[in-house]
Amino acid sequence: MGHVRAKANKYNFAVAFFVALGSFTYGFNSAIIGSVIGLPSFFSYFNFKATSEYGGHIIGASNGLYAGAGCIGCWTVFWLLDTLGRKRAIQVITVLCIVSAVIQTASVHIAMFLVGRFLNGIGVGFMNCTIPTYISEISPPAQRGRIVGLHGFIICAAYGAAGWAGFGIYYETNPAIQWRLLCALQIVAPLLLLIGSPWIPESPRWLINNGHDQKGLEVLEKLHANSDDPQHVGAKEEFVQIQTQLALERGSPSPNMFQLIFDRRYRKRMFYGFYLQAMCQSTGVLVVANYMVLELNNLGVTGSMPLLLLAVYNSWAALLNYINALLIDRIGRIRIITIGISGCIVCLSIVTALNSRYGTADNPNKAGQAVAVLFMFLFVTFYGFGIDVSSYVYCSEIFPTHIRSKGVGWSVSGLFLMTTIYTTAAGPAFNTIGWRFYLIFIVITTLMLPYVVFCFPETKGLSLEEVGALFGDEVAMDVTHLSEKQREELDANIAKTTDLTTFDLEKNRHHVNTGSPFSKMSGTDIEHIEEVGAGGRKLQ
């Protein structure tokens, strides 16, 4: 028989797509503030002007508190994920997102609104780490980029939905309903996810790592069942690889998140994940989106048109994210990120130049303003095509299972930390230095990109267990680099084994390790794994 590799089936895609309601929650809640501050009723209710110094600080605080709380969520989410499991953690997080959205909707004072925004930031910080972690752990290697890419795609789709909601509500004549309805819409996605969550499977890697081997195998078989593999060889091969790698790692200490930063085995990965997310936010993408309505006003675009353009802008970004998800497993993570960042730098440079010339009432040049809007759209074209999906995929891949929740949390905190800095400063900055604020993003990303290009390893096509070898980890079972014949023999042996805890690694060692530049297991390592099996347990 030809070699069999695990493939995602319709159920696998459906589960990933459903839990991406959590991705929608993050995207919608992050973008909705851009529509809220585009509504005059919001400012009149809380009695301040967007262009005043006080207004600039309030808008900056709203964005900054949200992003700062996101950092807190990222730094603490690992406790939920590792203690409760991925599934139970998702349920807890959705409740927090719902409650915080209710607080914002019911706000009678700006302080109450800011408290709700802060709590919502913690919730989406949790969510933005949990969803890519979960999806990466249910996805087979060959399609992981595409499936985890749903996270980035749905985030951008949520940005678009927030824009269209803002545009539609602009025409609501009752000002008391306008901004409150926008805030209330934040409840919809997490509520749907909470209702449907009992029917999603637990992460097979979490199950296997916590002693539920048989359940983990059953989940893998259900996720990857297909007519080309009636004996579930692909799923069983993945199970053996997960089980043996976890057995190899089980003797390793489990440092806390901040110890990982200084641990020589993991510090490079912690740095790479944080650096990548920080660089992506340093393009200025959220500042451009959140302040687009105000910037378009400066360019002479008024009325409902800025809200319409924001909705189209975010919808276009969602389409490009989908293309990113389709192409990332073919092009590779680092190459597509490089294309995206380079394009963003060029486009934002042109937007900045045009803003400096035509972004004032003294020089109302319609052609110049139109070109500035065009390059805003080209900016998000490059961001959507190369960055949004890719950054989440990469950060969810580079950490081993036993520290993945901490590693992803730390990485995504780079996104929230830079967002906190940039969005808090943006309100006062635009009111004082205007278009010059964009120069910060151009300079920072130009300086950061070369390090990614020349130092970051490519992870395309490797299983989560095999990615560790790129950072010097021992790999218990590397199957990606086997020859066709070796792979077929390994698959045949796995298919014949009824109890996978008895799978003989020593007997199959030449199928697992020969010819692989990744394998570092000694005979002692293999004997140790055979002795402890899955941590000394039989399938249960």
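Described below are features of the structure shown in this document. (Residues numbered from 1 in each chain as written. Predicted model: local features only at pLDDT ≥ 70, side-chain atom pairs only at ≥ 80, totals over all residues. Heavy atoms only, no water.)

1. Concerning the overall build of the protein
When its secondary structure is counted, the protein shows 26 helices and zero strands. By residue count, 62% of the 540 residues in the protein fall in the buried class. Considering only intrachain contacts with a sequence separation of at least 6, the fraction spanning at least 24 residues in the protein is 82%. Split by element, the accessible area of the protein, about 19,600 Å² in all, is 65% carbon and sulfur. (Helix = DSSP H or I, 4+ residues; strand = E, 2+ residues; numbered from the N terminus. Buried < 20%, exposed > 50% of the residue type's maximum accessible area, 1.4 Å probe, protein only. Contact = heavy atoms within 4.5 Å. Areas by Shrake-Rupley, 256 points an atom, 1.4 Å probe, with all protein chains shown as cover.)

2. A word on the packing of helix α14 (residues 267–281) against helix α20 (residues 388–397)
Look at α14 against α20: their axes get within 10 Å of each other, and the N-to-C directions meet at 170°. With respect to each other, α14 and α20 are oriented roughly antiparallel. When α14 is examined against α20, the residues G273, L276, Q277 and C280 are found in contact with a partner set consisting of S391, Y392, Y394 and C395. (Axes fitted to C-alpha atoms, helices over the stretch in contact; angles between N-to-C directions. Parallel < 35°, antiparallel > 145°, perpendicular 65-115°, else oblique.)

3. Overview of the pattern of salt bridges
The full count for this structure, using the stated rule, is eight salt bridges. Its salt-bridge partner being E137, residue R86 comes within 2.8 Å of it at the nearest N-O pair. Taken together, the residues span a long stretch of sequence, with R86 in helix α5 (residues 86–105) and E137 in helix α6 (residues 110–137) at a distance of 51 residues. Across the pair, E137 and R86 agree in class, each one buried. Each of D82, R86, E137 and R404 takes part in salt bridges that share partners, so that together they form one network. (Salt bridge = Lys/Arg side-chain N within 4 Å of Asp/Glu carboxyl O.)

4. Some details on α14
Look at α14: 21 Å from first C-alpha to last across 15 residues, which is about the 21 Å you get at 1.5 Å a residue. When you tally the buried positions in α14, you get 12 out of 15 residues, the bulk of the element. Every buried residue of α14 is accounted for by R269, M270, Y272, G273, F274, Y275, L276, Q277, A278, M279, C280 and Q281. (Expected span 1.5 Å × (residues − 1).)

5. Digging into the nonpolar core
Counting 143 residues, the largest nonpolar core has Y26, F42, F113 and Y313 as its most contacted members. Counting residues per element, this core draws most heavily on helix α7 (residues 144–169), which supplies 13 residues. Beyond its immediate chain neighbours, meaning those up to four positions away, Y26 contacts Y66, V124, N128, I155, Y159, Y392, L415 and F416. Judged by nonpolar contacts, the second largest core, of eight residues, contains I208, L217, L220 and A235. (Core = buried A, V, L, I, M, F, W, Y, C linked by side-chain atoms within 4.5 Å.)

6. A look at the packing of helix α2 (residues 21–36) against helix α9 (residues 188–196)
Close contact between α2 and α9 brings their axes to 8 Å; oriented N to C, the two are set at 165°. In this view, α2 runs roughly antiparallel relative to α9, as classed from their interaxial angle. α2 and α9 meet at a crossing whose hand is left-handed. Packed against α2, whose contacting residues are L21, G22, F24 and T25, the element α9 presents A189, P190, L192 and L193 at the interface. Residue composition of the contact of α2 with α9, by class: six nonpolar, two polar and no charged. (Left-handed = near helix turned anticlockwise from the far one by under 90°. Nonpolar A, V, L, I, M, F, W, Y, C, P; charged D, E, K, R; others polar.)

7. So, the side chain of S136
If you trace the backbone, S136 turns up in helix α6. By relative accessible area, which is 0% here, S136 ends up buried. Ignoring any residue separated from it by four or fewer positions in sequence, one finds S136 in contact with R144, V148, R205, S396, R404 and L464.

8. Digging into a nonpolar patch on the surface
A contiguous nonpolar surface patch, about 380 Å² in accessible area, is contributed by I177, L181, L185, V188 and L192. Of all the elements in the fold, those that place two or more residues in the nonpolar patch are α8 (175–184) and α9. Its place among the elements puts L181 in helix α8. L181 gets classed as partly exposed once you look at its relative accessible area, which sits at 39%. (Patch = residues over 30% accessible without salt bridge, like charges linked within 9 Å, V, L, I, M, F, W, Y side chains within 5 Å.)

9. A closer look at the environment of Y392
With respect to the secondary-structure elements, Y392 resides in helix α20. Owing to a relative accessible area of 4%, Y392 belongs among the buried residues under this scheme. Distance in space between the C-alpha atoms of Y392 and C129 is 9.0 Å, their sequence separation being 263 residues. Not counting chain neighbours up to four residues away, the residues in contact with Y392 comprise Y26, N128, P132, V148, H151, I155, Q277, V412 and L415.

10. Brief notes about the side chain of T445
Looking at where T445 falls in the secondary structure, it is placed in helix α22 (residues 438–455). Here F441 takes part through its backbone oxygen, which lies 2.6 Å from a polar atom of the side chain of T445. Beyond its immediate chain neighbours, meaning those up to four positions away, T445 contacts M279, S282, T283, I341 and I345. (Polar contact = N/O pair within 3.5 Å; in protein donor to acceptor, adjacent residues only side chain to side chain.)

11. Things to note about the packing of aromatic side chains
Scanning the model with the defined rule gives 29 aromatic pairs in all. Centre to centre, the rings of F42 and F43 are 5.7 Å apart; their planes meet at 75°, and the pair counts as edge-to-face. F43 carries the same exposure label as F42, and that label is buried. Aromatic side chains F271 and Y451 sit 5.9 Å apart centroid to centroid with 75° between the ring planes, which places their arrangement in the edge-to-face category. (Phe/Tyr/Trp six-rings, centres within 6.5 Å; stacked < 30°, edge-to-face > 60°.)

12. Focus on the environment of L150
For L150, the position within the fold is in helix α7. Classification of L150 as buried rests on a relative accessible area of 11%. A C-alpha to C-alpha distance of 9.9 Å links L150 and I131, two positions 19 residues apart in sequence. Apart from the residues lying within four places of it in its own chain, the contact partners of L150 are F13, A16, F17 and A20.

Bear in mind that shape data such as this cannot, by itself, settle questions of function.
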